[in-house]
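As a plain string of letters, each chain reads:
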Amino acid sequence: MDQRQLSAGNSFPVPYEPPSVEFPTIPFTSGYYPVEPPAVSIWEYLRTLYKHRWLILAAMVIVTTLATIATLRMTPIYEASGRIEINRPAQDILPFKDANAYAGGGDDDTVEIETQVKILQSDGLAADVARRLSPVSAAFLGIKSNSGISDTAKLDVTQTARSAAKIKGGLTVATVPRTRLVDIRFASPNPQVASEVVNNTIDAYIEHNIRSHFESTMQASEWLSKQLTDLRVKAETTQQRLVDYQKQKQIIGVDEKQNVIVSKLDELNKELTQAESERIQKEANFRIAQSDDPEVINNFTKAADATLLNSLKSQESTLKTQIAQLQVLYGPSHPKMLEARNQLAAVEGSIQTELKRNASRLKADYQAALQRESMLRHEFENQKTQATQLNENAIEYTMLRRDADTSRQLYDGLLQKLKEAQVSAGLNSSNVRVVDGAAIPSRPARPDKRLNIVLGLLLGLASGIGLAFLIESLDTTVSSPEEAEAIAALPSLGVIPLSAGSTTRKLLARSTSTSGPASESPAESQMVAHFRPRSQSAEAYRALRTSLLLSGSGTPPKVVVITSPLPQEGKTSTAINTAVVLTQTGARVLLVDCDLRRPSVHRALGMTNRSGVSTLLATGKGFDSVVIKSPVIENLYAVPAGPPPPQPAELLASKFFQECLTRWKQEYDHVVIDTPPVLSVTDAVVLSVHADAVVLVVRSDVTTKNALRQARDLLVQVNARITGTLLNGVDLTSPGSYYYYYSYGYGQKNRYYNNESRQS
């Protein structure tokens, strides 16, 4: 490095020998820490809506305009409405209606009304309506006039189908809930046509209902007539069989005869039971009377006979008493005694005769009772045989009579129904009643202009909101410090307003506007903290200075590296203004431009770039000569980048640059280093290991989230002391930035800043 020459046309000394590159390992703790993503609140949604308010407004205007134009271009459609009542149909003429009921068991009012609605919507009814239309209405609907044709079958099939389709296309049939009412509507550009179609539909349906009832009645009548002929023959046959059977079995009045026989059988049964009881009683009397006991026989003697016998016994007792007395008075041979004994013998003979006669009478009574029982039993058996035979004949007779009665009743019933059917067929009754006819509508039913415009407005609003959130979801850039903090997992050091982060071109364009100052130099545009100390941007840099000075553990950082993930993110302006605000504390600050590829610090400070970091590292001489004191700002010193070298990264990684940093740290209170972007070249990564604090500048709505993560990862891999992120170029007038807006200026309407802006 002792022999060096300057090549023609190049300000960098050649030949060039790259210095040795060493990456020292410095033990320290990085500022990287895990951060949970912020919860999405309602304010985030409102911020998104306000951010894209013009897009939402444009969508609303466009969609509402299109809806209004489309509504105004629509053809007005008139809708006529009529209402009918469908009552329950008349009672079926057939007596066995329940046997032919709906198979599913659910033929209730709902099914019945729905069936009639389907009939109203049928092709046949629509074709009938088309045939009924007036020539004017038919021509308006594009239907060939069929007014002279009364039979639908004579119409052309294709024409009938087309006519039915045109009628059904605008016809709407709906039931009124929980009623038997049906609404019929027809929509048409012509109000008179709409009214005529609805009324003709009602008339055609009523006629169809009457015709259907008449046809069904006539079909039933014809069927009944055929059945009556068969029933009459069957009734005559069964009646003749009944008569023949009566003659054969000689049955006349089977019911009455059966009652007499059964009654007689019951009487014989009762008499037989009574005869058996009497026979048993008399047999017992007869058996007892055979014992020849007078007292016993006397018990079964009749009352008259018992009186005579008792009289004889009384005479016997009296005579015995007299004999006993005469025996005492006269002795046994006295004539009176003999006469008394003769009288006693005569009385005793009479008593014996009477007892024998009573015994004979008991025997005769027993034999008579036995004979009567035998005769009754024989008669009972004969009567029972007759009853059994009568029952056998009555079974067949009853079956024949029942068959004859059934045939006669069925014949009489069908004959009555046939007469009712013939009468009902001529009544032309209908269960349909017109509640409201269709009047000619005076106002179109659609389009509803107000409703369409309101719907267009709502659709435009929804489209705008959806598009806003879609754009927001597709936006991969960092827009807020909270988002940068969550993505990079690094603390946020502050927010720089858009005016301070803008490029020189934007500032110069602002200087030419009528509201701004007449002119603004590049130094004034980038040293906002010095030339406009009362602006929001200067206050933001002072907040950054506070964060940096308090970031160290006990001592403020000496070496501060300012870098960014990508170019054009405002890192140079940040480095310059950071150095400026540090000098405002009374500290000696050295600003080093280490962006050896695209240096720009010298232009902002109004210095030349003939020598600087590149010449110092390449030659190893002129340490004091490369440091230039700012003529404008006190305590601010700067080292330009110098001519671009061929290998900047190797120069910045050399031991000599570390020695330079050590010396600068001793001579100055703070050393602020401007570096290239992290993702573009490796210079910033090499320099970050020597820094006490690394500030990662992020451009609002420019830096992508992926770029921020990659830059963070590269710095973390070399264990750089990343102090945090700085969000640059924030539009304080955008939604979500009011906090920073008021933090740095208390509002643009503040009198202090209005005066400051007028002074500047």
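Residues numbered from 1 in each chain as written. Predicted model: local features only at pLDDT ≥ 70, side-chain atom pairs only at ≥ 80, totals over all residues. Heavy atoms only, no water.

Re the sheet that holds strand S3 (residues 78–86)
(1) Moving on: Read across the sheet, four strands follow the order S4-S5-S3-S6 without closing on themselves; strand pairing throughout is antiparallel. The sheet is open, and its two edges are formed by strand S4 (171–175) and strand S6 (432–436), each paired on a single side. Direction aside, neighbouring strands of the sheet carry axes that sit 25 degrees apart on average.
(2) Moving on: In this fold helix H3 (residues 109–120) packs onto S3, S4 and strand S5 (181–188), with an angle of close to 175 degrees to the strand it touches most, S4. (Pairing = 2+ DSSP bridges. Helix = DSSP H or I, 4+ residues; strand = E, 2+ residues; numbered from the N terminus. Axes fitted to C-alpha atoms, helices over the stretch in contact; angles between N-to-C directions. Contact = heavy atoms within 4.5 Å.)

Considerations on the sheet that holds strand S9 (residues 589–593)
(1) Moving on: An order of S7-S14-S13-S8-S12-S9-S11-S10 is seen for the eight strands of this open sheet, with the pairing classed as mixed. In this open sheet, the two strands that pair with only one neighbour each are strand S7 (492–497) and strand S10 (628–629).
(2) Moving on: When S9 meets strand S12 (residues 670–674), the two strands line up parallel, connected through five bridges. In the sheet register, Leu590 faces S12, and the bridge partner there is Val671.
(3) Moving on: Where helix H18 (residues 536–549) meets the sheet, it contacts S7, strand S8 (559–563), S12, strand S13 (693–699) and strand S14 (722–730), and its direction lies at approximately 165 degrees from that of S7.

Observations concerning the packing of aromatic side chains
(1) Moving on: The final tally for this structure, using the stated rule, is four aromatic pairs.
(2) Moving on: Their ring planes at 55 degrees and their centres at 5.4 Å tell us that Tyr637 and Tyr668 sit as a pair that is tilted. Residue Tyr637 is found in strand S11 (residues 636–639), and its partner Tyr668 is found in the loop between helix H23 (655–667) and S12; the two are separated by 31 residues along the sequence.
(3) Moving on: Aromatic rings pair up to connect Phe623, Phe657 and Trp664 into one cluster.
(4) Moving on: Over the face of the ring belonging to Tyr50 we find Arg53, whose NZ or CZ atom lies 4.0 Å from the ring centre. (Phe/Tyr/Trp six-rings, centres within 6.5 Å; stacked < 30°, edge-to-face > 60°. Lys NZ or Arg CZ within 6 Å of the ring centre and 35° of its normal.)

A few points about the environment of Ala284
(1) Moving on: Among the secondary structure elements, Ala284 is positioned in helix H8 (residues 254–289).
(2) Moving on: When the C-alpha atoms of Ala284 and Tyr366 are compared, they prove to be 8.6 Å apart, with 82 residues separating the residues in sequence.

Some words on a nonpolar patch on the surface
(1) Moving on: On the surface, Leu451, Val454, Leu455, Leu458 and Leu461 cluster together into a nonpolar patch covering about 420 Å² of accessible area.
(2) Moving on: Position of Leu451 relative to the elements: it lies in helix H12 (residues 449–474).
(3) Moving on: Look at Leu451 and you get partly exposed, because its relative accessible area is 44%. (Patch = residues over 30% accessible without salt bridge, like charges linked within 9 Å, V, L, I, M, F, W, Y side chains within 5 Å. Areas by Shrake-Rupley, 256 points an atom, 1.4 Å probe, with all protein chains shown as cover. Salt bridge = Lys/Arg side-chain N within 4 Å of Asp/Glu carboxyl O. Buried < 20%, exposed > 50% of the residue type's maximum accessible area, 1.4 Å probe, protein only.)

Side note on the pattern of salt bridges
(1) Moving on: Tallied over the full model, the rule gives 23 salt bridges.
(2) Moving on: The partner of Glu278 in a salt bridge is Arg372, with the nearest N and O atoms 3.9 Å apart. Taken together, the residues Glu278 in helix H8 and Arg372 in helix H11 (residues 335–425) connect sequence positions 94 residues apart.
(3) Moving on: Looking at Glu278, the relative accessible area reads 32%, which means it is partly exposed.
(4) Moving on: Between Arg663 and Asp624 there is a salt bridge whose closest N-O contact spans 3.4 Å. Remark: Asp624 occurs in the loop between helix H21 (613–619) and S10 and Arg663 occurs in helix H23; sequence separation between them is 39 residues.
(5) Moving on: When salt bridges that share partners are traced, they join Asp128, Arg131, Arg132, Glu207 and Arg211 into one network.

As for the packing of helix H2 (residues 53–73) against H12
(1) Moving on: The interhelical angle for the contact between H2 and H12, taken along N-to-C directions, is 150 degrees, at an axis separation of 7 Å. The orientation of H2 relative to H12 falls into the category roughly antiparallel. The crossing of H2 and H12 is right-handed. (Parallel < 35°, antiparallel > 145°, perpendicular 65-115°, else oblique. Left-handed = near helix turned anticlockwise from the far one by under 90°.)

Let's talk about the environment of Ala220
(1) Moving on: Within the secondary structure, Ala220 sits in helix H7 (residues 191–249).
(2) Moving on: The buried category is assigned to Ala220, whose relative accessible area is 13%.

Topic: the confidence of the model for the chain
(1) Moving on: Here the chain averages 76 in pLDDT, and 76% of its residues register 70 or above.
(2) Moving on: Averaged pLDDT values for the elements of the chain fall to 34 in strand S1 (residues 5–6) and rise to 96 in S12.
(3) Moving on: Contacts of residues 1–35 to residues separated by more than four positions or lying in other chains number 74 contacts, the stretch itself having pLDDT below 50. (pLDDT = per-residue confidence, 0-100.)

Observations concerning H2
(1) Moving on: A rise of 1.5 Å per residue sets the reference length of H2, with its 21 residues, at 30 Å; its end C-alpha atoms lie 30 Å apart and thus fit the reference within 8%.
(2) Moving on: Listed as buried for H2 are Ile56, Ala59, Met60, Val63, Thr64, Ala67 and Thr71. One side of H2 holds all its buried residues, which, seen down the axis, span an arc of 120 degrees. Of the exposed residues in H2, those oriented more than 90 degrees away from the buried face are Trp54, Ile62, Leu66, Leu72 and Arg73.
(3) Moving on: Where the residues of H2 are buried, they touch helix H1 (42–51) and H12. (Expected span 1.5 Å × (residues − 1). Arc of directions from axis to C-beta.)

Considerations on unusual backbone geometry
(1) Moving on: A cis amide bond links Arg446 with the next residue in sequence, Pro447, at an omega value of 5 degrees.
(2) Moving on: Within the secondary structure layout, Pro447 lies in the loop between S6 and H12.
(3) Moving on: Unusually for a residue other than glycine, Arg178 sits at a positive phi of about 65 degrees.
(4) Moving on: Along the chain, Arg178 falls in the loop between S4 and S5.
(5) Moving on: Residue Arg178 is classed as exposed on the basis of its relative accessible area of 86%.
(6) Moving on: With a phi close to 60 degrees, Gln568 is a non-glycine residue in the positive phi region.

A look at the nonpolar core
(1) Moving on: With 46 residues, the main nonpolar core has Leu590, Val592, Phe657, Trp664 and Ile673 as its most contacted residues.
(2) Moving on: Counting residues per element, this core draws most heavily on H23, which supplies four residues.
(3) Moving on: Filtering out sequence-adjacent residues up to four positions away, Ile673 remains in contact with Val559, Val560, Val561, Ile562, Val592, Cys594, Leu661 and Leu687. (Core = buried A, V, L, I, M, F, W, Y, C linked by side-chain atoms within 4.5 Å.)

Here we look at the pairing of S5
(1) Moving on: The buried fraction of S5 amounts to seven of the eight residues, a majority that puts the element mostly inside the structure.
(2) Moving on: As judged from the eight bridges shared by S3 and S5, these two strands associate in the antiparallel manner. Bridge pairing links Arg83 to Asp183 in S5.
(3) Moving on: As defined by bridge partners, S4 adjoins S5 across five bridges and the pair is classed as antiparallel. Bridge pairing links Leu171 to Phe186 in S5.
(4) Moving on: Taken together, S4 and the strand that follows it, S5, pair antiparallel across an intervening segment of five residues, in which Arg178 is found at a positive phi of about 65 degrees.

Some thoughts on the state of the cysteines
(1) Moving on: Applying the stated criterion to the full structure yields zero disulfides.
(2) Moving on: Lacking any disulfide linkage, Cys594 is separated from the closest cysteine sulfur, that of Cys660, by 10.0 Å.
(3) Moving on: With relative accessibility at 0%, the residue Cys594 sits in the buried group. (Disulfide = S-S within 2.5 Å.)

Examining the packing of H1 against H12
(1) Moving on: In contact at an axis separation of 9 Å, H1 and H12 are set at 105 degrees when each is read in the N-to-C sense. Between H1 and H12, the crossing angle belongs to the class labelled roughly perpendicular. For the pair formed by H1 and H12, the contact residues are Tyr45, Arg47, Thr48, Leu49 and Lys51 on the first element and Ile465, Ala468, Phe469 and Glu472 on the second.
(2) Moving on: Each residue belonging to the contact of H1 with H12 can be placed in one class, and the counts come to five nonpolar, one polar and three charged. (Nonpolar A, V, L, I, M, F, W, Y, C, P; charged D, E, K, R; others polar.)

A word on the side chain of His670
(1) Moving on: In this fold, His670 is placed in strand S12.
(2) Moving on: By relative accessible area, which is 8% here, His670 ends up buried.
(3) Moving on: In contact with His670, not counting residues within four places along its chain, are Leu549, Pro556, Pro557, Lys558, Leu582, Ala587, Arg588, Val589 and Leu590.

Points about the side chain of Ser564
(1) Moving on: For Ser564, the position within the fold is in the loop between S8 and helix H19 (571–583).
(2) Moving on: Side-chain polar atoms of Ser564 contact the side chain of Glu569, separated by 3.5 Å.
(3) Moving on: When neighbours within four sequence positions are excluded, Ser564 is seen to be in contact with Glu569, Lys571, Pro677, Val678, Leu696 and Val697. (Polar contact = N/O pair within 3.5 Å; in protein donor to acceptor, adjacent residues only side chain to side chain.)

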